[in-house]
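# A look at the structure
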Amino acid sequence: MEEGARSCLLQSRSSLEQDIRASYLMDHMISDGVLTGDEEDRIRKQAAALLELLLRKDNQAYISFYNALVRESYGDLASLLHNSLPLVSPEAEKSFSDGGTRYVQAVLSEGGVPQRPVVFVSRPALMNRVREKLYRLQKEPGWVTVFGMAGSGKSVLAAEAVRDHALITECFPGGVHWLSIGQLDRSDLLVRIQSLCFRLEQQSQEKDPSSSLHRPPGSLEEAKERLRFLMLRRYPRSLLILDDIWDSSVLKAFDIQCRVLLTTRDRSLAECVSGPKSEVAVESGLEEGQALEILALYVNRKPQRLPEQARSIVRECKGSPLVVSLIGALLREFPDRWAYYLHTLQQKKFKRIRKSSSYDYDALDQAMAASIQVLSKEHRELYIDLTVLEKDVKVPAKVLSVLWDLEPEEVEDVLQDFVNKSLLFRDCHHRPYLYYLHDLQLDFLAEMNRSGLESLHTKVVRQYQQRYSQGPPTSGDEECLYWFRFLTYHMAKANLTQELYSLMFSLDWVRTKAQIMGPAHLINDYLEYSTILDKENSEVRGHFQEFLSLNGHQLEQRPFPDVVQLALSQPDSSEVYRQALLQAQERATRGGLYLDWVNKSSLKSLSRLVVQPHQGSIYSACFSHDGTKIASCGSSKTLRVFKSTSGEKLLEIQAHDDEVLCCAFSPDDRLLATCSSDRKVKVWNVERGTLMRMFEDEHEEQVNHCQFTNTRRRLLLATCSNDKFMNTKLWNINKPSSQNTMFGHLEPVNHCCFSPDDAYLSTSSSDGTLKLWEVSSANEWKSIDVADMFSEQREQTEVMVKCSTWSAGGRTIICAARNAVFVIFDTNQCVWHLLPYPDQRYTHTQPDMTSYVSSLQLWDIETSKKMADCSGHLSWVHGVQFSPDGSLLLSCSDDQTVRVWETNKVHTSSAVCLKRDSDVLFNNGDITVVAADNRNRLNGRTGAVMFQSENQESRICCTAICSQTSAVGLGREDGTIQMPSGTSLATLQGHTRAVLHCQFTPEGHTLITSSEDTTIRVWRWRTGECVVLEGHKEQVRCFSLLTTTPSSETHLLSWSFDGTIKVWDMSSGERLQDLVCHQGAVLACDVSPDGQLFATTSADKTAKVWSSASWECVRLLNGHQDCVRSCRFSWDGRRLATGDDNGEIRLWNVKDGTLLKICSRDNKDAMDSLHGGWVTDLHFSPDNTVLLSTGGYIKWWNVEKGEALQTFYPTGANLKRIHVSPDFSTFVTIDNIGILYILKKVE
């Protein structure tokens, strides 16, 4: 059965099973010969069993089932299958109708109906539509118009429609009479009608010898009356077929109240005659399978044995019946000219495709020209302007209104004329209507106007510039989309290089187009026109392309980000940054807020492209074998295919009912397999996006992985699952059940992989083994107990083999288990080598590997040396793959992105990765940052590294810098505090567990530390004296100094996961207050500027305001829907800001506790949070008009309106704390991948 028919049955299966009575349908199908009595007994009247059997049968069974639905009044269900009716051969067609009876042949022969072409393929859906209209003529005269463009097969279709015994006997017992018209003048028309009248009279005399022949009519009026008499008196209930009508005046000669079927290119012709009318539109092209069958019949081959050029010919002409037939006839004479005729089509040399059939024109170009010549001169000039359109592009009338400088209503009238004459097609599924040309029409126009193409495109650009002189359209409608998509195309074709440079090297154009169309189209433009742009400045073109490629996932966000702010993160040498800085400076004079990342020069992104194809984790991504496409899938239950160069979406399918765990291309890239937690395996047609095959009954648990064979010799699909025993299967996709099942693993199989020559399949299992299977026999060839390689740890935890892959030569297998990677050089003796990095995952096309955590690493397996660090992902990396040529590396992650890396450009970065626990000192414009790095060294820097300690024996947990003495303190995991001094370290010992926070007092003599050991220590750090504050029952993560009046002593306020706040006398260590504040952990606390109040927030989703005089709660603030993680008083003490783990920020009136504003985005972003993560820190500006917040990114808010003023997107995420200069002009923070950000307001 054809792929389209099978897919339609699968998609309609549930509706059919619910509604049909199988017994009613099987009688018809048995009489058609597609079901046997034994099959009827096995089905036992069950609809599901009938459909299962039907899926295993051929096209004839599908058509028989469809006809049975129609006969049994299941019209609504038949309509589901109608558009996918498969083609059948003439012999098969006869088995379902009486089209081949002698009676029908006699009637049609007498009426002059052309015989079926020697090479013929049925178009059942269209033919049934015509017959349906003809049946309406059974009771009364009328008109049926069959219309379509030149060469669409109208005449063959009309002749085939009446080749039906039931139709003739029931509707047209008087006969069927065919008259070919064409482009005629009045004298020629008279001759044609005279000939028809003579033929009718002669046939009448043969039946009734008493009737006599009349002299030929002498005028058209007399001929019309003679024909009327014959059709009404001697041939009542007969059908007159008028083939190829061009002119309404010709048609009026046949307005004689009879039954007429006419074929034409102009659908409006029938408006000039009287009587009921109906019409059938003939699609301009055959289905690919039908067109290939025609070519196969001409050259006497099976369709599947045709060369690849056959498919290309069909695609090039969009299945035009005329072109396919002409080329097929030529190939019958010259069967080795496939490439020649394909080249002829591609080069638009239509004159070389000359007459080899009974068609009326000597060459294809003459057939096209004839249609255009019937237009008025004015309309012909307008039609020529359509030469500038791109293939397969539909345009609204408003675009042509700009081009022609006409009112939209006038344009629509012109277009209606073109549509009526089949010179243009209209898509009525859109409002307003969209219009398009067939490829052949467009090719003909391009060939006819080859010398004037440049001036035609120039006209388009000039008309656009005149209409939109004040700026591009931003309405987002179809007209707006057209200009953003194709303005650059018209400029390039018009050779307007300066206009193209100015447009594409403009940040304004990038911003507007990205907002309306997304970044992928822009990236395509820079790739497509790179040759032109590079003549002006290849470096600038690279700047814009890199900016879009690496920020595309940000530009997909809604609300749309500020492109100027994004561009300020580009290198200072970039033209994108230069333009952004100028715009930011200009906007700052008008009150705009922009941040310049002043220390970014040392960073370089190693990614080539970043795409966010799904909402949710991405579990699998893979290259197509030609490297041009990428497929991805994940928790969103969807499958997406996009361009590997730009990320432009090519296909998106709602693939499964649960998470899609893996996707894989077939060797020829025509198919995609997916597997899912819903236990189903599906195979999709990539080009059409249709379901080809579904395997849903054999796996009983989630299917973890799927992979096609690597070569085309014998296409197999391997799947593995969480099933207990039958967990690895091989499938032939042309069969409904699995071909083989591999038995041996006793636990879930996580991954399977074919060897490069497809002789073996490797499987990786949670039972701790790697097994190799012979594909031909499905027998186990070798089992490698990877768990034995962890002999010392095996008894403590289970060893799960995550994945495996083969080297390109197939001699080496690499597998990952627990925190190790094993390179197995000799499978017979299990000679292996261990690579020194945890949790890796690999590809099978290159002998290199990457890590399974949030950073990727590239290794050389022969030398066991790391080749590159690829940092950028913000969460677990689930899959990696090299492109077929090894030049690119693909990775996908829980952070919802797919990244593409250039393997020859990635490298091990020398940049220091800092920890987020840091301290910053602002001093007269100088900025000093103190933080630990990824090598556990203490770093002090003012942009460049100021000092760097030796590696610490214990992990550094927190740091502090003294504003008075520039002393630095660091707290370690082992509970010690280190005080670097020159080249030596002073050590303060006392804490028994990790030090979580440390802070110097303002005068600098005292260092305060808190710890996991539940204590706080107050150190006279120069002497080592210490006061211990004990009382908390859980770890103390932070504390704050509390001064109620300028003259009073400074007390210490501490909070803990135990839900309490405690107030301490730092000198004596006395606990002054012990407040049980919340039912959950206290997560944050802030003291008002005057010291009279302090606020607490908690995991119990509340915030509270306390009096430092009475130590009582004065305000309870409810409303947050998640843990309240941060809080901050405004400098005037009138407002309190609180932020929660859902990304929401609330502004409260401190005086009465009322809610003033909720600062949040219009909708949730891709990370399922309003702030890209928890709101971890808050700061008010000194004038209390701006609020700063950190989370997944940094935001500045208008306090009065609660609206976002600006957003800064870091490379990483999960910002923990931000340090703000006293004048609110400089901001310092570190993200979760260790990048330091020093941001300064643009003035």
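Residues numbered from 1 in each chain as written. Predicted model: local features only at pLDDT ≥ 70, side-chain atom pairs only at ≥ 80, totals over all residues. Heavy atoms only, no water.

The name an unreviewed UniProt entry assigns to the protein is Apoptotic protease-activating factor 1, from the organism Oncorhynchus mykiss. Recorded under Subunit (unreviewed entry), the UniProt text for the protein is reproduced unchanged: "Monomer. Oligomerizes upon binding of cytochrome c and dATP." The record in UniProt for the protein states the following under Function (unreviewed entry): "Oligomeric Apaf-1 mediates the cytochrome c-dependent autocatalytic activation of pro-caspase-9 (Apaf-3), leading to the activation of caspase-3 and apoptosis. This activation requires ATP." (UniProt positions renumbered as here; feature names shortened; annotations may be inferred.)

This brings us to the overall build of the protein. When helices and strands are tallied, the protein shows 31 helices and 68 strands. Out of the 1243 residues belonging to the protein, those deemed buried represent 58%. Partitioning the contacts of the protein with sequence separation of at least 6, the portion at a separation of at least 24 is 53%. In the structure as shown, the protein presents an accessible area of about 52,500 Å², 45% of it carried by carbon and sulfur atoms. (Helix = DSSP H or I, 4+ residues; strand = E, 2+ residues; numbered from the N terminus. Buried < 20%, exposed > 50% of the residue type's maximum accessible area, 1.4 Å probe, protein only. Contact = heavy atoms within 4.5 Å. Areas by Shrake-Rupley, 256 points an atom, 1.4 Å probe, with all protein chains shown as cover.)

Time to look at the nonpolar core. Grouped together as the largest cluster of nonpolar side chains are 119 residues, with contacts concentrated most on Tyr383, Leu386, Trp404, Leu415, Phe418 and Phe547. Of the residues forming this core, the biggest block, nine residues, is contributed by helix α25 (residues 478-493). If sequence neighbours within four positions are ignored, Trp404 has contacts with Leu382, Asp385, Leu386, Val411, Val414, Leu415 and Phe418. (Core = buried A, V, L, I, M, F, W, Y, C linked by side-chain atoms within 4.5 Å.)

So, on to the sheet that holds strand β54 (residues 1082-1087). Taken in spatial order, the four strands make up an open sheet running β54-β55-β56-β57, and their pairing is antiparallel. Only two strands of the sheet have a single neighbouring strand rather than two, namely β54 and β57 (1113-1117). Each adjacent strand pair in this sheet contributes to an overall mean axis angle of 20 degrees, direction not counted. Pairing of β54 with strand β55 (residues 1093-1098), which is carried by five bridges, proceeds in the antiparallel orientation. (Pairing = 2+ DSSP bridges. Axes fitted to C-alpha atoms, helices over the stretch in contact; angles between N-to-C directions.)

This part takes up α25. The end-to-end C-alpha distance of α25, which contains 16 residues, comes to 22 Å, matching closely the 22 Å that a straight helix rising 1.5 Å per residue would cover. In the structure, α25 departs most strongly from a straight axis at Phe486, where the bend amounts to approximately 45 degrees. Most of α25 sits out of view: twelve of its 16 residues are buried. Within the sequence span of α25, burial applies to Glu479, Cys480, Tyr482, Trp483, Phe484, Phe486, Leu487, Thr488, Tyr489, His490, Met491 and Ala492. With its phi angle positive at about 60 degrees, Asn495 sits one or two positions after the end of α25. (Expected span 1.5 Å × (residues − 1). Bend = angle between axes of the 7 residues up to and from the residue.)

Taken together, the side chains of Glu378, Glu381, Asp405, Glu407, Glu409, Glu410, Glu412 and Asp413 define an acidic patch exposed on the protein surface. Elements with a contribution of two residues or more to the negative patch: α20 (377-385) and α22 (408-420). Sorting elements by how many residues they give to the negative patch places α22 first, with four residues. (Patch = residues over 30% accessible without salt bridge, like charges linked within 9 Å, V, L, I, M, F, W, Y side chains within 5 Å. Salt bridge = Lys/Arg side-chain N within 4 Å of Asp/Glu carboxyl O. Lys, Arg positive; Asp, Glu negative; His and termini not counted. Charge placed at Lys NZ, Arg CZ, Asp CG, Glu CD.)

Here we take up the pattern of salt bridges. Under the defined criterion, the tally for this structure stands at 55 salt bridges. The shortest N-O distance in the salt bridge between Glu1012 and Arg993 comes to 3.5 Å. With Glu1012 in the loop between β47 (1006-1011) and β48 (1016-1020) and Arg993 in the loop between β45 (984-988) and β46 (995-1000), the pair connects residues that are 19 residues apart, well separated along the chain. Classification of Glu1012 as partly exposed rests on a relative accessible area of 25%. With a relative accessible area of 46%, Arg993 lands in the partly exposed category. A cluster of three or more residues bridged by salt bridges with shared partners is formed by Arg13, Glu17, Glu52, Arg56 and Glu696.

So, about the packing of α25 against helix α26 (residues 497-504). Where α25 meets α26, the axes come as close as 8 Å, and the angle between the chain directions of the two elements is 150 degrees. Taken together, the axes of α25 and α26 lie roughly antiparallel to each other. In the crossing of α25 with α26, the sense of the turn from one axis to the other is left-handed. Note on element contacts: α26 touches α25 through Glu499, Leu500, Leu503 and Met504, opposite Leu487, Thr488, Met491 and Ala492. (Parallel < 35°, antiparallel > 145°, perpendicular 65-115°, else oblique. Left-handed = near helix turned anticlockwise from the far one by under 90°.)

As a further point, take the pairing of strand β59 (residues 1135-1140). Of all six residues making up β59, six are buried, and the element is well covered by its neighbours. In this structure, strand β58 (residues 1124-1129) lies alongside β59, joined through five bridges in antiparallel fashion. Paired with Ser1126 across the strands is Gly1139, a residue of β59. Between β58 and β59, which follow one another and run antiparallel, lie five residues, and Gly1133 among them has a positive phi close to 75 degrees. As defined by bridge partners, β59 adjoins strand β60 (residues 1145-1149) across five bridges and the pair is classed as antiparallel.

Now for the environment of Met504. Relative to the assigned elements, Met504 resides in helix α26. Setting aside chain neighbours within four positions, we find Met504 in contact with Thr488, Trp509, Asp525, Tyr526, Tyr529, Leu533 and Phe544.

On to the packing of aromatic side chains. Counted according to the given criterion, the structure contains 23 aromatic pairs. Their ring planes at 75 degrees and their centres at 5.6 Å tell us that Phe1208 and Tyr1237 sit as a pair that is edge-to-face. Of the two residues, Phe1208 is situated in strand β65 (residues 1203-1208) and Tyr1237 in strand β68 (residues 1236-1241); the sequence distance between them amounts to 29 residues. Connected via pairs of aromatic rings, a cluster forms that spans Tyr464, Tyr468, Tyr482, Trp483, Phe486 and Tyr489. Above the plane of the ring of Phe334 lies Arg337, whose end atom (NZ or CZ) is 3.8 Å from the centre. (Phe/Tyr/Trp six-rings, centres within 6.5 Å; stacked < 30°, edge-to-face > 60°. Lys NZ or Arg CZ within 6 Å of the ring centre and 35° of its normal.)

In the contact formed by α20 and α22, the axes pass within 11 Å of each other and the chain directions differ by 85 degrees. When the axes of α20 and α22 are compared, the pair comes out roughly perpendicular. Every residue of α22 that contacts α20 at His379, Leu382 and Tyr383 is listed here: Val414, Asp417 and Phe418. Partitioning the contact of α20 with α22 into residue classes produces four nonpolar, one polar and one charged. (Nonpolar A, V, L, I, M, F, W, Y, C, P; charged D, E, K, R; others polar.)

On to the environment of Glu499. Along the polypeptide, Glu499 turns up in helix α26. Relative accessible area serves as the criterion here: at 23%, Glu499 is assigned to the partly exposed category. With 38 residues separating them in the primary sequence, Glu499 and Val461 have C-alpha atoms 9.4 Å apart. The contact partners of Glu499, leaving out residues within four places of it in the chain, are Arg462, Gln465 and Met491.

On to unusual backbone geometry, then. Of note, the bond from Arg431 into Pro432 is cis; its omega dihedral lies within 30 degrees of zero at 0 degrees. Mapped onto the elements, Pro432 comes out in the loop between β7 (425-427) and β8 (434-436). The phi torsion at Gln896 lies on the positive side, around 75 degrees, for a residue other than glycine. Checked against the element boundaries, Gln896 lands in the loop between β36 (888-893) and β37 (898-902).

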